[in-house]
Amino acid sequence: MILYEVFNFIDLDWKEKIHAQLENWKTAYSAILLVSHDLEFIKSFCNRVLVFDAGKIVIDSSNFDDELFKDINDVIKKTNDFE
């Protein structure tokens, strides 16, 4: 299953409903590809993170510590600085 930015432009009620449905799907599917900028949700939901920069994987980790999220924010900042 591929989900792209499912949390964009929705209110809190819908976000909670989507979170609940994703938890149901997590047990039903062997893989869910979730594209999101919601790092807190990613941290709570995902068991692996891939971060792409210019089409290349720059982070591939299942270790959800503060250092990983610092690295992700560094990639985002670099990308925003480039634009």
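Each remark here, short or long, concerns the structure printed above.
Worth saying up front: this structure is predicted, and the values here are computed from it rather than measured.

### What to know about the overall build of the protein chain
- On a plain count of helices and strands, the protein chain comes out with 3 helices and 4 strands.
- Projecting the C-alpha coordinates of the protein chain onto the three principal axes gives extents of approximately 35 × 25 × 25 Å.
- Here the protein chain holds 83 residues, and 25% of them are scored as buried.
- Pairs at least 24 apart in sequence give 32% of the contacts found in the protein chain among residues at least 6 apart.
- For the protein chain, the computed accessible surface area is about 6,300 Å², with 54% contributed by carbon and sulfur atoms.
- A gap of 4 Å separates the mean positions of the 9 positive and 16 negative side-chain charges of the protein chain.

### Remarks on the nonpolar core
- One finds L22, L34, F41, F45, V51, I59 and I72 to be the most contacted residues of the largest nonpolar core, which totals 16 residues.
- Within the residue set of this core, elements represented by two or more residues are α2 (39–45), β3 (49–53) and α3 (66–82).
- What I72 contacts, discounting residues up to four positions off in sequence, is L39, V49, V51 and I59.

Quick notes on the rules
Residues numbered from 1 in each chain as written. Predicted model: local features only at pLDDT ≥ 70, side-chain atom pairs only at ≥ 80, totals over all residues. Heavy atoms only, no water. Helix = DSSP H or I, 4+ residues; strand = E, 2+ residues; numbered from the N terminus. Buried < 20%, exposed > 50% of the residue type's maximum accessible area, 1.4 Å probe, protein only. Contact = heavy atoms within 4.5 Å. Areas by Shrake-Rupley, 256 points an atom, 1.4 Å probe, with all protein chains shown as cover. Lys, Arg positive; Asp, Glu negative; His and termini not counted. Charge placed at Lys NZ, Arg CZ, Asp CG, Glu CD. Core = buried A, V, L, I, M, F, W, Y, C linked by side-chain atoms within 4.5 Å.

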